[in-house]
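Next come the chains, spelled out residue by residue.
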Amino acid sequence: RTFVEHATDAFFLHRFDGRILDINERACATLGYTREELVGAHPAIFDDAATRKTIVDSIVGLRSGETFSFETEHRRKDGSSFPVEVRVRSFDDAGERQTLAFARDITERKRAENALRQSEEALRHAQEIARVGNWVFDTRTASFSGSAEASRILGWAPGEGSMNLLAKAVHPEDLERATRGWTAMFQGKSYEIEHRIVVGGQIR
């Protein structure tokens, strides 16, 4: 109980039909309701997506001991809303199915994700204007990703790209020089190199 009361996430204990059996202080603080207002209530008062059917369907499809997570929005008593990540675990207590739900406010994470999307969009526009592309190779996972402009320059379909395709795009006479540069990259060193590429039979 001490752990639950001092948890940084809002805690909810639900009956099979979704009715709230218990909460912690964090749940009251984040939603702006008193304990008396929340215990016995249905989550629909702060989550428009939480109908009785959706809750029962989720619990029925969740075997005892399993956990699943999802994102939704919670609405405070004053009407303001905020995004949350909810983790739900189902269990049987004296033959009765109940669920534990922990809701985490992810407002800051969403802001960071939105800022990253805006930054990536600005970079994409800048690359289009400057006709400059970039590609990233993760030496740990051997995964390859390139920007939309890099794909256009190299003649790749959107989402296509690999070190093998990049090597094939390099003019044969420049491949040895390009390979030396890539080797330096794999060693964690910076490098700058110029080489020709062949796209659709044309040299660029």
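In the block above lies the structure referred to throughout.
Quantities reported herein were computed from a predicted structural model and do not represent experimental measurements. (Residues numbered from 1 in each chain as written. Predicted model: local features only at pLDDT ≥ 70, side-chain atom pairs only at ≥ 80, totals over all residues. Heavy atoms only, no water.)

Looking at the packing of aromatic side chains
Moving on, step 1. Counted according to the given criterion, the structure contains six aromatic pairs.
Moving on, step 2. A centroid spacing of 5.8 Å and a plane angle of 70° characterise the contact between F144 and W156, whose relative ring orientation is edge-to-face. Of this pair, F144 sits in strand β7 (residues 143-146) while W156 is found in the loop between α6 (148-154) and α7 (163-169), placing the two residues 12 residues apart along the sequence. With respect to class, F144 is no different from W156; both count as buried.
Moving on, step 3. By way of ring pairs, the aromatic residues W135, F144 and W156 are connected into one cluster. (Phe/Tyr/Trp six-rings, centres within 6.5 Å; stacked < 30°, edge-to-face > 60°. Helix = DSSP H or I, 4+ residues; strand = E, 2+ residues; numbered from the N terminus. Buried < 20%, exposed > 50% of the residue type's maximum accessible area, 1.4 Å probe, protein only.)

Section: the pattern of salt bridges
Moving on, step 1. As enumerated under the stated definition, the model contains 18 salt bridges in all.
Moving on, step 2. Two residues, R124 and E121, come together in a salt bridge whose shortest N-O distance is 2.5 Å. In this pair, R124 and E121 both sit in helix α5 (residues 107-130), three residues apart, roughly one turn of the helix.
Moving on, step 3. By relative accessible area, R124 is classed as partly exposed at 31%.
Moving on, step 4. Residue classification places E121 among the partly exposed positions, given a relative accessible area of 34%. (Salt bridge = Lys/Arg side-chain N within 4 Å of Asp/Glu carboxyl O.)

A word on the environment of A50
Moving on, step 1. Following the sequence through the fold, A50 ends up in the loop between α3 (35-38) and α4 (52-60).
Moving on, step 2. Given the relative accessible area of 10%, A50 is considered buried.
Moving on, step 3. Expressed as a C-alpha distance, the spacing of A50 and K189, which sit 139 residues apart in the sequence, is 52 Å.

Focus: the side chain of D9
Moving on, step 1. Mapped onto the elements, D9 comes out in the loop between α1 (2-5) and β1 (10-14).
Moving on, step 2. Assessed through its relative accessible area of 6%, D9 is described here as buried.
Moving on, step 3. For D9, the side chain forms a polar contact with the side chain of R87, separated by 2.9 Å.
Moving on, step 4. Non-local contacts of D9, meaning those with residues more than four positions away in its chain, are made with N24, R26, R87, F102, A103 and R104. (Polar contact = N/O pair within 3.5 Å; in protein donor to acceptor, adjacent residues only side chain to side chain. Contact = heavy atoms within 4.5 Å.)

Here we look at the environment of D105
Moving on, step 1. Mapped onto the secondary structure, D105 falls in strand β5 (residues 96-105).
Moving on, step 2. You can call D105 partly exposed: its relative accessible area is 38%.
Moving on, step 3. In this structure, the C-alpha to C-alpha distance between D105 and E85, residues 20 residues apart in sequence, is 6.7 Å.
Moving on, step 4. Those residues in contact with D105 that lie beyond four places of it in its chain are R76, F82, P83 and V84.
Moving on, step 5. In this structure the side chain of D105 is engaged in a polar contact, spanning 2.6 Å, whose partner is the side chain of T107.

Regarding the nonpolar core
Moving on, step 1. F12, I23, L31, L38, F46 and V86 are the most contacted members of the largest nonpolar core, which totals 16 residues.
Moving on, step 2. Counting residues per element, the ones that place at least two in this core are β1, β2 (20-23), α2 (25-31), β4 (81-93) and β5.
Moving on, step 3. Here the element with the most residues in this core is β4; it accounts for four residues.
Moving on, step 4. With residues up to four places along the chain from it excluded, the contact list for F46 reads F12, I20, L31, L38, E73, H74 and R75.
Moving on, step 5. Grouped together as the second largest cluster of nonpolar side chains are 12 residues, W156, L166, V170 and V199 included. (Core = buried A, V, L, I, M, F, W, Y, C linked by side-chain atoms within 4.5 Å.)

Quick word on helix α8 (residues 175-186)
Moving on, step 1. Between its terminal C-alpha atoms α8 stretches 16 Å, which fits the 16 Å expected from 12 residues at 1.5 Å a residue.
Moving on, step 2. Every buried residue of α8 is accounted for by A178, G181, W182 and A184. Buried positions in α8, seen along its axis, are confined to an arc of 155° and lie on one side of it. Along α8, the residues that are exposed and aim more than 90 degrees away from the buried face are E176 and R180. (Expected span 1.5 Å × (residues − 1). Arc of directions from axis to C-beta.)

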